[in-house]
Amino acid sequence: MAKEVSIAVVGGGLSGWSAAYFMSKKASITRLRIDVFDAKHTVGGRAKSIGNVDVGGAWIWPSNTLARSLIDKLCVPHFEDTMAGNAVEGHSHVNITTHLSTCVTEVQYNHNNRVVLHWKNLETGNVDSTEVDLVALPSRLAAQSIIFSPPLPAQSHKAMLQLNIWMASMAKISLRFTTPWWTKGAHPINYLRAPSQWIAQLMDASTPHVNAIVAFTVPPPFPMTSPTYSTSPSELTQSTSEFDKWLRELVASIQAIASSRYFRVSDSDWKATLEYLDLYSWQHDQFIFSTDGIHKPGHDLYYQHPNDGGDVLREPIRFPDDPTKIGIVFAGSETDNLFPGFVEGALRAGRRCAEDLQHVN
């Protein structure tokens, strides 16, 4: 019987699941077990929605050939089944299991040329460990939340700490309406700037089930017990909290676009059609880490995808006792050299990690 190779994927975002998917495709030459760990109670990473409205990464561009080919090949129902959070039996020689609400706390990568992961279930408090042949993990998160023994090379650790994570110092606000007034305007709403330094971009985020627009914005300047905040227009109007006063200013700047010469939505029509507001502050997400720099106080808000993280994070970490074998590879959209911060970059980074699998046996 062929040797079973064990892989641990830390982080159940698009890049982590891409790594698991492409690794499973290489399983024709061996028996393969893949364990996916995610500290949250669900998977998806920054591909997130509230009330069927996107508040994270969601757009696929014409140049994103890998993402488009996977969408055609897998189809949405298959992708949702794979990411449901239960054990998945893909083929007789591949076993993929997810571990939700499970935080990896320590990685030891010099143990008989294998890697030992120590992890804790955040719901039960149970701690355990598992021994694998290869670990794929998001670099920025790992640098700030995982202990490595022995320590990672200094240049790798420095690159991990300096890596900018797309959207991590921003928030997204979504507004749901009964009627999509923006589809009847004289100008597409996508990329229109609101007359406010706190709103970067407006986009149509409608689905077959809901009419909505979203906007990139600064994160709330107030403590949040949860990165998610939802409210109805009536509750927002009546509230006297500083948070809701701040949120009303954001909504007013978006309403200014609706009432402009492009759309001419009256105040009464705005109030009659606005159903609900949702905000997700990625800066308040405890599992997202980034350096500062996307928003600078006193300047207009702008958004940009991070620059190339450098070749350092695309190089695997090899075992000290046997440099011909690798034990750790870095995933995450921002480690891709062509599409850092994009869905395409996440998938490409996962595929790169899978290509390193050939050096494990």
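In this numbering scheme, every chain counts its residues from 1 along its sequence in written order. Local features in this predicted model are restricted to residues of pLDDT 70 or higher, and side-chain atom pairs are both shown and tallied only at a pLDDT of 80 or more, whereas totals for entire chains, interfaces and linings draw on every residue. Excluding hydrogens and water, the side-chain figures rest on all heavy atoms present in the structure.

### Notes on the pattern of salt bridges
(1) Moving on: Between Lys or Arg on one side and Asp or Glu on the other, a salt bridge is scored when a side-chain nitrogen of the former is within 4 Å of a carboxyl oxygen of the latter. Applying the stated criterion to the full structure yields 10 salt bridges.
(2) Moving on: Across the pair Lys40 and Asp285 runs a salt bridge, and its minimum N-O distance is 2.6 Å. On the criterion of sequence distance, the pair formed by Lys40 in the loop between strand 2 (31-37) and strand 3 (49-50) and Asp285 in the loop between strand 16 (274-281) and strand 17 (317-319) is long-range, its members being 245 residues apart.
(3) Moving on: Judged by relative accessible area, Asp285 falls into the buried class, the value being 3%.
(4) Moving on: Its salt-bridge partner being Asp336, residue Arg348 comes within 2.8 Å of it at the nearest N-O pair. The numbering of helices and of strands both runs from the N terminus, where a helix is a DSSP run of H or I of at least 4 residues and a strand a run of E of at least 2. For every residue, the accessible area (1.4 Å probe, protein chains only) is compared with the maximum for its type, and the residue is labelled buried under 20%, exposed over 50%, or partly exposed between those bounds.

### Quick notes on the environment of Ala136
(1) Moving on: Residue position: Ala136 is located in strand 10 (residues 134-138).
(2) Moving on: We call two residues contacting when some pair of their heavy atoms lies within 4.5 Å. When neighbours within four sequence positions are excluded, Ala136 is seen to be in contact with Ala8, Val9, Val10, Met23, Val329 and Cys353.

### Notes on the packing of aromatic side chains
Centre-to-centre distance and the angle between the planes together describe a pair of aromatic rings.
(1) Moving on: The rule is short: rings of Phe, Tyr and Trp, with Trp giving its six-membered ring, pair when the centres are within 6.5 Å, and they are stacked under 30 degrees, edge-to-face over 60, tilted in between. One pass over the structure, following the stated rule, counts 14 aromatic pairs.
(2) Moving on: Ring centres of Phe177 and Trp181 lie 5.8 Å apart, and the angle between their planes is 90 degrees; on these two criteria the pair is classed as edge-to-face. Comparing Phe177 with Trp181, the two get one shared label, buried.
(3) Moving on: Ring centres of Phe177 and Trp270 lie 5.2 Å apart, and the angle between their planes is 70 degrees; this geometry places the pair in the edge-to-face category. Of the two residues, Phe177 sits in strand 12 (residues 171-177) while Trp270 sits in helix 7 (residues 267-273), which places them 93 residues apart along the sequence.
(4) Moving on: Chaining the aromatic ring pairs together yields one cluster made of Phe177, Trp181, Trp182, Tyr262, Phe263 and Trp270.

### Regarding the UniProt feature "transmembrane region" (unreviewed entry) in the chain
(1) Moving on: This chain's UniProt record puts "transmembrane region" (unreviewed entry) on residues 6-23.
(2) Moving on: Helix makes up 56% of residues 6-23 and strand 28%. Its end C-alpha atoms lie 11 Å apart. UniProt positions are given in the numbering used here, feature names are shortened, and annotations may be inferred rather than shown by experiment.

### Some words on the sheet that holds strand 9 (residues 127-132)
(1) Moving on: For two strands to pair, DSSP has to find at least two bridges joining them. With mixed pairing, 4 strands are arranged side by side in an open sheet as 9-8-7-11. What marks the edges here is a single partner per strand, and that holds for strand 9 and strand 11 (147-149). Taken pair by pair, the neighbouring strands of this sheet meet at an average axis angle of 20 degrees, ignoring direction.
(2) Moving on: Bridge count for strand 7 (residues 102-111) against strand 11 is 3 bridges, and the pairing is parallel. Opposite Gln108, over in strand 11, you have Ser149 as the bridge partner. Interaxial angle, 0 to 180 degrees, is taken between N-to-C directions of lines fitted to C-alpha atoms, where a helix line uses only the stretch in contact.

### Here we look at helix 4 (residues 154-162)
Side chains three or four residues apart in an α-helix point the same way, a direct result of the helix having 3.6 residues per turn.
(1) Moving on: Among the residues of helix 4, Ser156, Ala159 and Met160 are the ones counted as buried. End-on, the buried residues of helix 4 take up no more than an arc of 100 degrees, which puts them together on one face. Exposed residues lying more than 90 degrees from the buried face of helix 4 are Ala154, Gln155, Lys158 and Gln162.
(2) Moving on: At its buried positions, helix 4 is contacted by helix 3 (139-145), strand 11, strand 17 and strand 18 (322-331). Comment: arc refers to directions from the helix axis out to C-beta atoms.

### Concerning helix 1 (residues 14-25)
(1) Moving on: When the terminal C-alpha atoms of helix 1 are compared, their 16 Å separation across 12 residues agrees well with the 16 Å that a helix rising 1.5 Å per residue should span.
(2) Moving on: Among the 12 residues in helix 1, 11 count as buried, and that is most of the element.
(3) Moving on: All of the buried residues along helix 1 are Leu14, Ser15, Gly16, Trp17, Ser18, Ala19, Ala20, Tyr21, Phe22, Met23 and Ser24. By this rule, a helix spans an expected 1.5 Å times one less than how many residues it contains.

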